[in-house]
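Structure assessment
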Amino acid sequence: MRSVLIIPIFSCFFAASNAKIFSKCELARKLKAQGMNDFHGYSLASWVCVAQYESNFNTRAFNSKNGNGSSDYGIFQLNNKWCKDNKYPSANACKIRCNKFLDDNIDDDILCAKMVVKDPNGMSAW
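Report on the accompanying structure. (Residues numbered from 1 in each chain as written. Predicted model: local features only at pLDDT ≥ 70, side-chain atom pairs only at ≥ 80, totals over all residues. Heavy atoms only, no water.)

1. Some thoughts on the nonpolar core
Counting residues in each nonpolar core, the largest one holds 29 residues, and the members touching the most others are Leu-27, Leu-31, Met-36, Trp-47 and Phe-76. If you list the elements that add at least two residues to this core, you get helix H2 (24-33), helix H3 (44-55) and helix H4 (107-118). Beyond its immediate sequence surroundings of up to four residues, Phe-76 is in contact with Leu-31, Trp-47, Val-50, Ala-51, Glu-54, Asp-109, Ile-110, Ala-113 and Trp-126. (Core = buried A, V, L, I, M, F, W, Y, C linked by side-chain atoms within 4.5 Å. Buried < 20%, exposed > 50% of the residue type's maximum accessible area, 1.4 Å probe, protein only. Helix = DSSP H or I, 4+ residues; strand = E, 2+ residues; numbered from the N terminus. Contact = heavy atoms within 4.5 Å.)

2. Some words on the pattern of salt bridges
A side chain with one charge can pair with a side chain of the opposite charge if their charged atoms come near. Inspection of every chain in the model, using the stated rule, returns four salt bridges. Notably, a salt bridge pairs Lys-20 with Glu-26, separated by 2.6 Å at the nearest N-O pair. Relative accessible area serves as the criterion here: at 25%, Glu-26 is assigned to the partly exposed category. Here Arg-60 makes a salt bridge to Asp-104, at a shortest N to O gap of 3.4 Å. In this pair, Arg-60 is assigned in the loop between H3 and strand E1 (62-63) and Asp-104 in the loop between strand E3 (78-79) and H4, connecting sequence segments 44 residues apart. On the basis of relative accessibility, which here comes to 35%, the residue Asp-104 falls in the partly exposed class. (Salt bridge = Lys/Arg side-chain N within 4 Å of Asp/Glu carboxyl O.)

3. Focus on the sheet that holds E3
Reading across from one edge, E1-E2-E3 is the order of the three strands in this open sheet, with antiparallel pairing throughout. At either margin of the open sheet sits one strand with a lone partner, and together these are E1 and E3. Of the pairings in the sheet, the one linking strand E2 (residues 72-73) to E3 comprises two bridges and is antiparallel in character. Paired with Tyr-73 across the bridge in E3 is Leu-78. (Pairing = 2+ DSSP bridges.)

4. Regarding the packing of aromatic side chains
For any pair of aromatic rings, the description consists of the separation of the ring centres together with the inter-plane angle of the planes. Under the criterion given, the structure shown has four aromatic pairs. Judged by centre distance (5.8 Å) and plane angle (85 degrees), the rings of Trp-47 and Trp-126 are edge-to-face. You can see Trp-47 sitting in helix H3 and its partner Trp-126 sitting in the segment after H4, a full 79 residues away along the chain. Trp-47 sits in the buried class, given a relative accessible area of 0%. Within the aromatic cluster, the residues linked to one another by ring pairs are Tyr-42, Trp-47, Phe-76 and Trp-126. The cationic tip of Lys-20 hangs over the ring face of Phe-22; the distance from NZ or CZ to the ring centre is 4.8 Å. Stacked on the ring of Phe-39, the Lys or Arg Lys-114 has its end atom at 5.2 Å from the ring centre. (Phe/Tyr/Trp six-rings, centres within 6.5 Å; stacked < 30°, edge-to-face > 60°. Lys NZ or Arg CZ within 6 Å of the ring centre and 35° of its normal.)

Encoded structure:
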């Protein structure tokens, strides 16, 4: 009986640690619903392409190997100059902790991506 209870408990922990991997269509629908189609002049296809290239649609993608010591977080690989992570000096323009970009809810990732693209570098920030 004890082993029967342990397996479901461990499976809950395993499921919580898995990343959400969006399909192209699923992500496109989500981005469109969040007003990303033609946001700041960039097509929905451009946003989907950024997510595919940067994270392969993985919400938990993390890169700590940037040449300047910075790190990138989440489905859009948002740099920690846009968020706070206590590892890199940041203006925290998106007013959020970087680890929030590593969960399955990408609403905050989308809001921050909108701020990034408004920067004078636009989509070149990626």
